[in-house]
Amino acid sequence: PGSSRTTKFVALAVHILPPEWKRMNPSYFDLTVRDVAEARRFFAAVLGWTYKEFAPGYFRIQAGSEEEPGIDGGMAALADTPIAKGPMSVLVIPVNDLEKMVALVERNGGQVLERRVPVPGIGWFASCAEPGGLVFGMIQADPAVQPPQ
């Protein structure tokens, strides 16, 4: 009985939301761990994940085959993640206008932890937290982004 109401609500919400909110499905996850080597070993053994080093100390995770639905991610050490107070998982949502979305976070009581971090060859990243402290990320694609000098 409830599924019909839910479907109507979702259809209504998509209709009234601004266009940039329609495609805000998480596209990536980021894991911050105490011991990268041990976490890589663990998730490879348990979930079959494979890894490729993207930058020193940061590993891209292939969580499944290209044909399978789902998202891939990345992994870094706690010591290399300034915003982390302990191990954490962060969902990353692609956005068209990072500055606009960061402003929306602040206007709605959220906190910006990292405002505009360059990810070379990928784009611009921001870490934010909702008013209760749950951390999430947003990324704006820009393949021209270069490493900081």
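Report on the accompanying structure.

The rules behind the values
- Residues numbered from 1 in each chain as written.
- Predicted model: local features only at pLDDT ≥ 70, side-chain atom pairs only at ≥ 80, totals over all residues.
- Heavy atoms only, no water.
- Helix = DSSP H or I, 4+ residues; strand = E, 2+ residues; numbered from the N terminus.
- Buried < 20%, exposed > 50% of the residue type's maximum accessible area, 1.4 Å probe, protein only.
- Contact = heavy atoms within 4.5 Å.
- Areas by Shrake-Rupley, 256 points an atom, 1.4 Å probe, with all protein chains shown as cover.
- Pairing = 2+ DSSP bridges.
- Axes fitted to C-alpha atoms, helices over the stretch in contact; angles between N-to-C directions.
- Phe/Tyr/Trp six-rings, centres within 6.5 Å; stacked < 30°, edge-to-face > 60°.
- Lys NZ or Arg CZ within 6 Å of the ring centre and 35° of its normal.

1. Here we look at the overall build of the chain
Broken down by element type, the chain carries three helices and eight strands. The secondary structure elements of the chain, listed N-terminal to C-terminal, are α-β-α-β-β-β-β-α-β-β-β. Classification of the 149 residues of the chain by burial places 34% in the buried group. Taking contacts inside the chain between residues at least 6 apart in sequence as the whole, the part at least 24 apart equals 50%. Split by element, the accessible area of the chain, about 9700 Å² in all, is 59% carbon and sulfur.

2. Structural notes on the sheet that holds strand 1 (residues 28-33)
Spatially, eight strands are ordered 2-3-4-1-5-8-7-6 in an open sheet, and the strand pairing comes out mixed. The strands lining the two open edges of the sheet, one partner per strand, are strand 2 (50-55) and strand 6 (111-119). Taken over all neighbouring pairs, the strand axes of this sheet differ in orientation by 25 degrees on average, direction set aside. Of the strand pairs in this sheet, strand 3 (residues 58-62) and strand 4 (residues 73-77) are connected by three bridges, and their pairing is antiparallel. Bridge pairing in strand 4 places F59 opposite M75. Against the sheet, helix 2 (residues 36-47) contacts strand 1, strand 2, strand 3 and strand 4, and its axis sits at roughly 145 degrees relative to strand 4. Along the sheet, helix 3 (residues 98-107) contacts strand 6, strand 7 (123-129) and strand 8 (135-141); its crossing angle with strand 6, the most-contacted strand, is approximately 165 degrees.

3. Overview of the packing of aromatic side chains
For the structure on display, the rule yields four aromatic pairs. Ring geometry for F54 against Y58: centres 6.4 Å apart, planes inclined by 75 degrees, an arrangement best described as edge-to-face. Grouped by ring-pair contacts, the aromatic residues F29, F42, F43 and W49 constitute a single cluster. Sitting over the face of the ring of F54, R60 holds its NZ or CZ atom 5.6 Å from the ring centroid. Seen from the ring of W124, R116 lies directly overhead, with NZ or CZ sitting 4.1 Å from the centre.

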